[in-house]
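An overview of the molecular structure
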Amino acid sequence: MIGLISATAAGATARDRLAAAWPDRTRVYEGPVGDAVRAAFAECEQLVCFLATGAVVRLIAPLLDDKRTDPGVVCVDEGGRFAVSLVGGHGGGANELAEEVGELLAARPVVTTATDAVDLPGLDTLGFPAEGDVAGVSRALLDGEPVALEAELAWPLPPLPLSDHGSYVIRVTDRAVEPAEREVVLRPPSLVVGVGASRGAPVDEVLDLIGDAVREAGLSPASLAALATVDAKSDEPALVEAARRLGVPLLTYSAAELAAVAVPNPSPAPLSAVGTPSVAEAAALIGGGELLVPKRKSERADGRPAMATCAVVRRLTRGRLAVVGLGPGARDLLTPRATAELRRAAVLVGLDQYVDQIRDLLRPGTLVLESGLGAEEERARTAVAEARKGQAVALIGSGDAGVYAMASPALAEASDDIDVVGVPGVTAALAAASILGAPLGHDHVSISLSDLHTPWEVIERRVRAAAEADIVVTFYNPRSRGRDWQLPKALAILAGHREPATPVGVVRNASRPDGTSRLTTLAALDPATVDMMTVVTVGNTATREIAGRMVTPRGYRWQAARTVEEDAK
């Protein structure tokens with residue numbers, strides 16, 4: 001919950017805007033400011049104070065205890081010009097909150113955390129525990145001193161300026177090792193514990209069993225990712241409460257799913273009870289991985305039969321491939337999600353000219369693998385191969401990566417051993433349409449006229465189908481120096497089904513500073529004025545030019561009514 005505190009009418013106005021925008025995330029604290037701050041500090045994970053920073057410093061100074069547990073505090077000035085991350089930038093999430101508040105209130109976020117100031121990800125913001133000399137290693141990264149990565153587990157990390165050797169070390173491990181001097185130990189969520197329990201089992205018996213199994217295997221409980229069991233036990237109080245106390249989800253699977261998993265220690269007892277010869281081992285292994293602790297039973301001091309079983313598996317490392325659409329070229333049409341993925345990626349793969357568009361957004365330490373035109377399949381293979389190494393990879397394409405871009409070859413190459421995330425982008429057709437007016441207001445289709453990958457016979461058949469179906473058509477890759485006859489041929493096919501006066505929009509470099517656009521007709525379009533940087537949109541029989549804009553009505557009834565009205569005049 002985010003506590004909101006203000007002292008003046010101006011601050012209350014901005015406060016109420018946040019409260020209205022985030023009704024489920026915020027709580028307004030009224031009354032004397034000192035009392036409000038103290039109450040919010042005790043009850044909320046974060047605070048936004050519409051007060052001077054000096055006033056907030058004096059109010060919260062006696063309340064500060066530990067930066068790992070104190071709430072994050074953001075100050076917004078009375079004029080709403082700045083959103084200042086005051087304390088808890090990383091641990092309390094104040095840096096991110098300042099960005100969010102700034103975006104909502106049109107205020108400038110002010111973040112002074114050292115790593116953020118130089119665009120390095122904080123070691124305590126990676127989404128899993130960081131132990132050891134976080135401050136010292138972070139300072140070494142900031143100062144450009146050599147910091148070595150010792151990864152016992154290949155895990156997708158954001159870009160960091162690391163060296164092969166160094167006096168400072170970042171260690172990635174799920175083993176129960178103590179950080180050495182000048183070392184940070186990162187604990188990735190690599191361990192899944194399969195659990196089984198008899199009805200009414202005590203939660204302490206389940207927790208003691210899990211704790212003993214993890215400790216005796218030399219593993220760190222900080223790397224626990226989930227508990228897993230059969231769905232018949234999804235509401236077993238001991239398992240639900242154990243997951244809650246450990247701060248991990250309780251995953252459940254059907255008996256049929258678990259019965260299909262090969263395990264070293266099947267048993268007739270769970271088979272008769274819940275329909276699978278294994279619960280603990282099968283539930284832990286269902287996603288694949290290395291069985292570190294085979295099934296073991298709990299021990300009871302009273303000598304009565306065990307009521308819980310568990311097994312521990314180190315899950316397979318899964319790299320992450322984000323297929324990112326960059327949009328048509330204008331920076332303000334690059335989505336925030338795409339920007340976030342570019343900054344998250346440790347490896348970027350892309351066409352050299354697209355890499356140049358976004359190179360300034362990459363964090364220091366990002367490995368850039370770029371290549372020229374015609375190497376699409378090679379880029380797809382490279383991106384997938386890097387992800388299979390456990391890397392966080394971004395594969396970029398123009399427009400939407402799934403439209404005539406890199407998503408298709410990448411997903412054809414990828415299997416289920418990596419995580420794939422698609423990030424949509426604004427397509428060239430959409431960018432051009434917004435410039436022309438509303439040409440895509442009804443059914444429409446995009447067709448590439450490049451026959452480098454598709455035989456012309458197939459392309460021609462698709463153009464004829466669109467022509468006969470009276471569908472608005474946007475042509476990608478319409479004409480190049482080596483392919484100058486396809487566009488005239490396609491236009492001739494459409495002309496056999498549409499009037500010469502049918503509106504045609506021609507947009508080159510849509511959304512870019514050197515972009516141009518013009519509205520012409522099917523009869524008047526000169527194909528020689530079109531190149532590979534152009535998209536050509538041909539209207540259907542209902543498309544009209546209205547006030548210099550290309551408009552396709554949403555329905556033919558509207559157009560029919562308009563025609564009747566014009567005839568009546």
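See the structure printed just above.
Along every chain, residues carry numbers that run from 1 in the direction the sequence is written. Predicted model: local features are reported for residues with pLDDT of at least 70 only, side-chain atom pairs are reported and counted for 80 or more only, and whole-chain, interface and lining totals are derived from all residues. The side-chain numbers reported here are obtained from all heavy atoms of the structure, hydrogens and water having been left aside.

**Remarks on the overall build of the protein chain**
Which entries qualify depends on this criterion: Labels follow the DSSP assignment, with helices taken as runs of H or I lasting at least four residues and strands as runs of E lasting at least two, numbered in each case from the N terminus. Categorising residues by exposure relies on relative accessible area from a 1.4 Å probe, with only protein chains included: less than 20% of the type maximum marks a residue as buried, more than 50% marks it as exposed, and the intermediate range marks it as partly exposed. The contact definition used throughout considers only heavy atoms, calling two residues in contact when any of these lie within 4.5 Å. Positive residues here are Lys and Arg, negative ones are Asp and Glu, while His and the chain termini are left out of the count. Charged groups are reduced to one reference atom each: NZ for lysine, CZ for arginine, CG for aspartic acid, CD for glutamic acid.
A tally of helices and strands in the protein chain yields 19 helices and 28 strands. Seen through its C-alpha atoms, the protein chain measures out along the principal axes to roughly 95 × 65 × 55 Å. Looking at the protein chain as a whole, 47% of its 569 residues are labelled buried. Taking all contacts inside the protein chain whose residues are at least 6 apart in sequence as the whole, residues at least 24 apart take part in 64%. Across the protein chain, 56 positive and 73 negative side-chain charges occur, with their mean positions spaced 3 Å apart.

**Points about helix 16 (residues 428-436)**
Residues of helix 16 that are buried: Ala 429, Ala 431, Ala 432, Ala 433 and Leu 436. One or two positions beyond helix 16, positive phi appears at Gly 437, with a value near 140°.

**Considerations on helix 7 (residues 203-216)**
As a reminder, the rule being used: A helix is expected to span 1.5 Å multiplied by its residue count minus one.
In this model helix 7 runs 20 Å from its N-terminal to its C-terminal C-alpha over 14 residues, within 8% of the 20 Å that 1.5 Å per residue would give. When we look at burial in helix 7, the residues that qualify are Val 203, Glu 205, Val 206, Leu 207, Leu 209, Ile 210, Ala 213 and Val 214. Along its buried surface, helix 7 packs onto strand 11 (191-197), strand 12 (224-230), helix 8 (237-246), strand 14 (290-297) and strand 15 (308-314). Remark: Gly 218 follows helix 7 within two positions and exhibits a positive phi of approximately 75°.

**Quick look at the packing of aromatic side chains**
The condition that has to hold: The pairing test for Phe, Tyr and Trp rings, Trp by its six-membered ring, is centres within 6.5 Å, and the orientation test on the planes gives stacked under 30 degrees, edge-to-face over 60, and tilted for anything in between.
Under the definition given, this model contains two aromatic pairs. Relative to Tyr 476, the ring of Tyr 404 lies with its centre 4.8 Å away and its plane at 55°, an arrangement referred to as tilted. One end of the pair, Tyr 404, is in the loop between strand 19 (392-397) and helix 15 (407-413); the other, Tyr 476, is in strand 23 (residues 472-476), with 72 residues separating them in the sequence. Ring centres of Trp 456 and Trp 485 lie 5.0 Å apart, and the angle between their planes is 70°; this geometry places the pair in the edge-to-face category.

**Digging into the side chain of Asp 174**
Stated precisely, the cut-off is as follows: The definition of a polar contact used here is a pair of N or O atoms within 3.5 Å, where within protein one atom must be able to donate a hydrogen and the other to accept one, and adjacent residues in sequence count solely through side-chain atom pairs.
Mapping Asp 174 onto the fold places it in the loop between strand 9 (168-172) and strand 10 (183-186). Judged by its relative accessible area of 1%, Asp 174 is buried. Side-chain polar atoms of Asp 174 contact the side chain of Arg 314, separated by 2.8 Å. Residues in contact with Asp 174, not counting those within four places in the same chain, are Leu 153, Arg 187, Ser 190, Leu 191, Leu 219, Ser 220, Ser 223 and Arg 314.

**Re the nonpolar core**
Note the threshold: Throughout this description, the term nonpolar core refers to a set of buried Ala, Val, Leu, Ile, Met, Phe, Trp, Tyr and Cys residues connected via side-chain atoms within 4.5 Å.
Grouped together as the largest cluster of nonpolar side chains are 25 residues, with contacts concentrated most on Val 193, Val 195, Val 206, Ile 210 and Leu 227. Of all the elements in the fold, those that place two or more residues in this core are strand 11, helix 7, strand 12, helix 8 and strand 15. Ranked by residue count, the leading element in this core is helix 7, at seven residues. Setting aside chain neighbours within four positions, we find Leu 227 in contact with Val 193, Val 195, Ile 210, Leu 239, Ala 242, Ala 243, Leu 246, Val 248, Pro 249, Leu 250 and Leu 251. The next biggest cluster of nonpolar side chains, apart from the first, holds 21 residues, and it includes Leu 449, Ile 459, Val 463 and Val 538.

**Describing the pairing of strand 15**
For clarity, the threshold we go by: For two strands to be treated as a pair, DSSP must find no fewer than two bridges joining them.
Among the seven residues of strand 15, seven are classified as buried, and the element is accordingly described as predominantly covered. Neither face of strand 15 is open: one carries Ala 308, Cys 310, Val 312 and Arg 314, the other Thr 309, Ala 311 and Val 313, and all of them are buried. Sheet topology note: the strand 11/strand 15 ladder contains seven bridges and is antiparallel. Bridged to Val 195 within strand 15 is Cys 310. Judged from the five bridges that link them, strand 14 and strand 15 form a sheet pairing that is antiparallel. Counterpart to Lys 297 in the pairing with strand 15 is Thr 309.

**A look at the packing of helix 7 against helix 8**
Two quantities define a packed helix pair, namely the angle between the axes and the distance from one axis to the other. The following threshold applies: Angular values range over 0 to 180 degrees, each being the angle between N-to-C directions of two axes fitted as lines to C-alpha atoms, with helices fitted over their stretch in contact. Any angle between 65 and 115 degrees counts as roughly perpendicular, while under 35 counts as roughly parallel, over 145 as roughly antiparallel, and the rest as oblique. Take the far helix as the reference: if the near one is turned anticlockwise from it by less than a right angle, the crossing is left-handed, and if turned clockwise, right-handed.
As a packed pair, helix 7 and helix 8 sit with axes 8 Å apart at the nearest point and diverge in direction by 55°. Judged by the angle between their axes, helix 7 and helix 8 are oblique. In this structure, the crossing between helix 7 and helix 8 has a hand that is right-handed. Each of Val 203, Asp 204, Val 206, Leu 207 and Ile 210 in helix 7 lies in contact with helix 8, whose residues at this interface are Ala 238, Leu 239, Glu 241, Ala 242, Arg 245 and Leu 246.

**Here's the deal with the state of the cysteines**
Cysteine pairs can be covalently joined through their sulfur atoms, and such a bond is termed a disulfide. Counted only if it meets this: Cysteine sulfur pairs qualify as disulfides if the two atoms are within 2.5 Å.
For the structure on display, the rule yields zero disulfides. Free cysteine: Cys 44, not disulfide-bonded; nearest cysteine sulfur from Cys 49 at 10 Å.

**Notes on the pattern of salt bridges**
The test is simple: Between Lys or Arg on one side and Asp or Glu on the other, a salt bridge is scored when a side-chain nitrogen of the former is within 4 Å of a carboxyl oxygen of the latter.
In the structure shown here, the tally under the stated rule is 30 salt bridges. Among the ionic pairs, Arg 15 bridges to Asp 16, the shortest N-O distance being 3.0 Å. Of the residues examined, Arg 15 reaches a relative accessible area of 7% and is grouped as buried. Bridged by salt links that share partners, the residues Glu 150, Glu 152, Arg 171, Arg 175 and Glu 183 form one connected network.

Spatial relationships are all this shows, so hold off on functional conclusions.
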